[in-house]
Amino acid sequence: MIKPLIQELGMLRLKEYELMFPRVVWAGSTKNSGFGTPRMIVSNKTEYANFIKAYNNKMNVYTTVYDFKQFRGSKQVDASVIVNRAFLDFDSHNEPIEKSWEDVQLVVKKLIEFDYRFTYFFSGNGFHVFVYGVETKGMSNIRPVQAFWREVQSWTKNGTLDGRVIQTSRLRRIPNTVNMNSDNHYYCIPLLISDIDKSVEEILDMAITPRLIPREENGNKLVEWPDIKPIQLEKAVIDIPERKGSLPLIPCIYSAIMVENPSHEARVYLVQWYRDMLSLGNRNLSEEDKNKISEMIFQEIEKIAKEDDVWIDWDESITRKSINYIVNGGYNAPHCDSALIPKGYCIGRCWRYPTGDE
């Protein structure tokens, strides 16, 4: 059972739940046209509002799920992420949207029962739920939030809860902006507790226009994330993820790249993983072999980028250039203990640890 940390509403600092600035924003069109703005940092609410006004109803408008303490250039410093919430993404994919709404209803009612603090939204295609908790100590301590996700998953019945919980590079659609990917260009709108018993049809009717209502945060308690054992002591093995291409991926890299905007480092790790697999770890390849491996890796990544809401800033020429650089350089895949675990990629013990990493 998850242990709640009880705090009185009057003791909660609003800045923990309101938008923090500076923050990264991005606007992009659908993949068919392949156009997007460069990443931008907005320093205050005025710049944020001006950015939304400039691109809403023309492109999909996003900001980062998590807040950050440090920035460099036009990007956040991932190591400075503030992990004080779980971002729960519900999507029916090719199933009726009623299935994801049913799962959201089950989860929200459970959150109300536990009196946890949360907000939730209709995204235009699915649903987002933010559950607020005690701030963890940086990227290396995100596995407790993954454990919370597994608890939440047990509350659902239709399998619509996305497993990519804590990835610092995740983007979210900005509320009251248009989802250009939805058939009817629905708005991403905030939802209230009083909406929980509404039908999907009623939610869709509301999403035809913006929903400019006061922000409602529900519940009085922050989640105290579940206690977990060090990875070395874990017995459970994370399942091998479903393949999106022809080559297998370890769970941590899969989770890191199957998001809207994978970090540069995650993309590098992905190519290194494929390179090691296809070359059997050999650093001294012929030019012909390098070219063959580079092309195979490109085809794999192209399949991944075709997934809905994944790698939405996909660029063929940049991807090819980066793959060639990594393959020609003979760079090996990162190790669990030296990179993937301390940098927060690890979501639980898998077959690669420790025997596959020694």
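Each remark here, short or long, concerns the structure printed above.
Read on for a plain summary of the structure. Just so you know, these numbers come straight off a predicted model, no measurement behind them.

Let's shift gears to the overall build of the protein chain. The helix and strand inventory of the protein chain stands at 9 helices and 14 strands. By the burial criterion, 54% of the 358 residues in the protein chain qualify as buried. Restricting the contact set of the protein chain to residue pairs at least 6 apart, pairs at least 24 apart contribute 69%.

We now examine a negative patch on the surface. A cluster of acidic residues, E98, E201, E202 and D205, forms a negative patch on the protein surface. At 3 residues, the largest contribution of residues to the negative patch is made by helix α4 (residues 200–206). In this fold, E202 is placed in helix α4. Classification of E202 by relative accessible area gives partly exposed; the value is 39%.

Let us look at the side chain of D195. Summarising the element assignment, D195 is placed in the loop between β13 (189–191) and α4. Among the residues examined, D195 registers a relative accessible area of 0% and is labelled buried. Within polar-contact distance, the side chain of D195 engages the backbone nitrogen of L192 at 2.7 Å. Each residue touching D195, except ones within four places of it in the same chain, is listed here: W101, Y120, I203, M206 and R211.

Time to look at the packing of helix α6 (residues 264–279) against helix α7 (residues 287–305). α7 packs onto α6 with a crossing angle of 130° between their chain directions and a minimal axis gap of 10 Å. Accordingly, the angle class assigned to the pair α6 and α7 is oblique. Along this stretch, α6 crosses α7, giving a crossing that reads as right-handed. Of the residues in α7, those in contact with L270, V271, Y274, R275, L278 and S279 of α6 are I293, M296, I297, E300, I301 and I304. The residue makeup of the contact of α6 with α7, split by class, is 9 nonpolar, 1 polar and 2 charged.

With that settled, consider the packing of aromatic side chains. All told, the structure shown has 16 aromatic pairs when counted by the stated rule. For the pair F87 and F130, a centre-to-centre distance of 5.1 Å together with 50° between the ring planes defines the contact as tilted. Residue F87 is found in strand β9 (residues 85–90), and its partner F130 is found in strand β11 (residues 127–132); the two are separated by 43 residues along the sequence. Neither residue differs from the other here; F87 and F130 are each classed as buried. Site record: aromatic cluster; members linked through ring pairs are W101, F122, F127 and Y186. When the ring centre of F298 is taken as reference, the NZ or CZ atom of R320 above it lies at 3.7 Å.

Attention now goes to the sheet that holds strand β12 (residues 171–173). Strand order in the open sheet formed by 4 strands is β3-β2-β4-β12, and the pairing between neighbours is antiparallel. Strand pairing shows two members of the sheet lacking a second neighbour, β3 (40–42) and β12, which therefore form its edges. Ignoring strand direction, the axes of neighbouring strands in this sheet form an average angle of 40°. Pairing of strand β2 (residues 23–28) with β3 involves 3 bridges; the strand directions are antiparallel. Residue pairing across strands places V24 opposite I41, the latter belonging to β3. Strands in contact with helix α1 (residues 45–55) are β2, β3 and β4 (60–64); relative to β2, the strand with the most contacts, it is inclined by about 5°.

Let's shift gears to the environment of C346. Within the element layout of this structure, C346 appears in the segment after α9 (336–340). Between the alpha carbons of C346 and C252 there is a distance of 5.1 Å; along the sequence they are 94 residues apart. If we ignore the near neighbours within four places in the chain, the residues touching C346 are R143, I231, C252, L340 and I341.

Within β9, 6 of the 6 residues are buried, which leaves the element mostly enclosed by the surrounding structure. As judged from the 6 bridges shared by β9 and β11, these two strands associate in the antiparallel manner. Residue pairing in the sheet places A86 in a bridge with V131 of β11.

Our next topic: helix α2 (residues 97–114). Given a rise of 1.5 Å per residue, 18 residues ought to cover 26 Å, and the 26 Å separating the end C-alpha atoms of α2 matches this to within 8%. When we look at burial in α2, the residues that qualify are I97, S100, W101, D103, V104, Q105, V107, V108, L111 and F114.

What follows deals with the pattern of salt bridges. What the rule picks out here adds up to 21 salt bridges. We note a salt bridge from E287 to K290, for which the minimum N-O separation is 3.5 Å. Of this pair, E287 and K290 both sit in helix α7, separated by 3 residues, roughly a single helical turn. A salt bridge links K303 to E300; the nearest nitrogen and oxygen atoms lie 3.7 Å apart. A residue pair is termed a helical-turn pair when its members lie 3 or 4 positions apart in one helix, as K303 and E300 do in helix α7 at 3 residues. Through salt bridges that share partners, R23, D67 and R85 make up one connected network.

Each value, and the rule that gives it
Residues numbered from 1 in each chain as written. Predicted model: local features only at pLDDT ≥ 70, side-chain atom pairs only at ≥ 80, totals over all residues. Heavy atoms only, no water. Helix = DSSP H or I, 4+ residues; strand = E, 2+ residues; numbered from the N terminus. Buried < 20%, exposed > 50% of the residue type's maximum accessible area, 1.4 Å probe, protein only. Contact = heavy atoms within 4.5 Å. Patch = residues over 30% accessible without salt bridge, like charges linked within 9 Å, V, L, I, M, F, W, Y side chains within 5 Å. Areas by Shrake-Rupley, 256 points an atom, 1.4 Å probe, with all protein chains shown as cover. Salt bridge = Lys/Arg side-chain N within 4 Å of Asp/Glu carboxyl O. Lys, Arg positive; Asp, Glu negative; His and termini not counted. Charge placed at Lys NZ, Arg CZ, Asp CG, Glu CD. Polar contact = N/O pair within 3.5 Å; in protein donor to acceptor, adjacent residues only side chain to side chain. Axes fitted to C-alpha atoms, helices over the stretch in contact; angles between N-to-C directions. Parallel < 35°, antiparallel > 145°, perpendicular 65-115°, else oblique. Left-handed = near helix turned anticlockwise from the far one by under 90°. Nonpolar A, V, L, I, M, F, W, Y, C, P; charged D, E, K, R; others polar. Phe/Tyr/Trp six-rings, centres within 6.5 Å; stacked < 30°, edge-to-face > 60°. Lys NZ or Arg CZ within 6 Å of the ring centre and 35° of its normal. Pairing = 2+ DSSP bridges. Expected span 1.5 Å × (residues − 1).

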